[in-house]
Amino acid sequence: QKEVEQDPGPLSVPEGAIVSLNCTYSNSAFQYFMWYRQYSRKGPELLMYTYSSGNKEDGRFTAQVDKSSKYISLFIRDSQPSDSATYLCASYTSGTYKYIFGTGTRLKVLA
Amino acid sequence: EAGVTQFPSHSVIEKGQTVTLRCDPISGHDNLYWYRRVMGKEIKFLLHFVKESKQDESGMPNNRFLAERTGGTYSTLKVQPAELEDSGVYFCASSPLLAGGDEQFFGPGTRLTVL
């Protein structure tokens, strides 16, 4: 079983829709949770970085962590065609800096 | 501020040859990481430098891979001899040496193709 599971998609939504991207993880020691956005042929770009459970908001993006169910979510409001990319979730344990990634979800926002 | 840079962006070599990848971290970042993505799989950790010291090399696949970070600045990852299964995208990331959390900033990657 992978430590971080992510539906690969692709996920297609119309412009302006609210997008929900999700990951589950199995390692209860994970304390830090990240979302990266990766455009084709580019490196991953850090979008959100959260510690432990709770919500974090940044503009149109909201990250949610529910440690009780080992569930990580990223919500994108008012999605734009420029949001079309692969979204990667990642986690790690305090004391190690080894990021464990999901496989990524391909998102396509249609104009 | 310049981001993490990697060279080359793409390398095509034959099985048995040697390839050296280079990573220049963000200036002032003491942590440097190498990751790899093999086609269809998730990005996987290879190793972690703190300055010039290897902190964790648990993800290195075998002894054909050698990473160095002389002087604690740029790093190189050498694959010798390369095998077909080494094909993939090699990412470098860096982060500042801070207590608590660790936000890693990734480079654009080097796409390695072994024929």
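These numbers come from a predicted model, not from an experiment. (Residues numbered from 1 in each chain as written. Chains lettered and ligands numbered in written order. Predicted model: local features only at pLDDT ≥ 70, side-chain atom pairs only at ≥ 80, totals over all residues. Heavy atoms only, no water.)

Student: Mind showing me how you'd approach the pattern of salt bridges here?
Tutor: Opposite charge on two side chains permits them to pair, given that their charged atoms come into close proximity. All names here are of chain A. Overall, the coordinates contain six salt bridges over all chains when judged by the stated rule. We note a salt bridge from Arg77 to Glu57, for which the minimum N-O separation is 3.5 Å. Taken as a pair, Arg77 in the loop between strand E8 (71-76) and strand E9 (85-92) and Glu57 in strand E6 (residues 54-58) lie far apart in primary sequence, 20 residues in all. Given a relative accessible area of 30%, Arg77 falls into the partly exposed group. (Salt bridge = Lys/Arg side-chain N within 4 Å of Asp/Glu carboxyl O. Helix = DSSP H or I, 4+ residues; strand = E, 2+ residues; numbered from the N terminus. Buried < 20%, exposed > 50% of the residue type's maximum accessible area, 1.4 Å probe, protein only.)

Student: Is there a simple way to explain the pairing of strand E7 (residues 65-68) of chain B in this structure?
Tutor: The side chains of a regular strand alternate, first on one face of the sheet and then on the other. Residues and elements named next belong to chain B. Only one face of E7 is buried, namely the one carrying Phe65 and Ala67, since none of Leu66 and Glu68 on the opposite face is buried. Both E7 and strand E8 (residues 75-79) contribute to a ladder of four bridges, which runs antiparallel. Counted as the bridge partner of Leu66 is Lys78 from E8. The turn joining E7 and E8, which pair antiparallel and follow one another in sequence, is formed by six residues; a positive phi near 75° is taken by Gly71. (Pairing = 2+ DSSP bridges.)

Student: Looking at this structure, how should I read the interface of chain B and chain A?
Tutor: Interfaces are frequently sized by the accessible area removed from exposure as the parts join. On the side of chain A, 18 residues touch chain B, which itself brings 20 residues to the contact. The contact between chain B and chain A buries some 1,700 Å² in all, and 56% of this surface belongs to carbon and sulfur atoms. Across the contact surface, chain B and chain A share one salt bridge. Across the contact surface, chain B and chain A share six residue pairs in polar contact (both at pLDDT 80 or more). (Contact = heavy atoms within 4.5 Å. Buried area = accessible area lost by both parts, 1.4 Å probe. Polar contact = N/O pair within 3.5 Å; in protein donor to acceptor, adjacent residues only side chain to side chain.)

Student: Please clarify how the sheet that holds E6 of chain A should be interpreted in this entry.
Tutor: Residues and elements named next belong to chain A. Here five strands make up an open sheet; going across it, the order is E1-E3-E8-E7-E6 and the pairing antiparallel. Looking at strand neighbours, the two that pair on one side only are strand E1 (4-6) and E6, the edges of this open sheet. Taking each pair of neighbouring strands and ignoring which way they run, the sheet shows an average axis angle of 20°. The sheet contact formed by strand E7 (residues 61-66) and E8 spans six bridges and is antiparallel. (Axes fitted to C-alpha atoms, helices over the stretch in contact; angles between N-to-C directions.)

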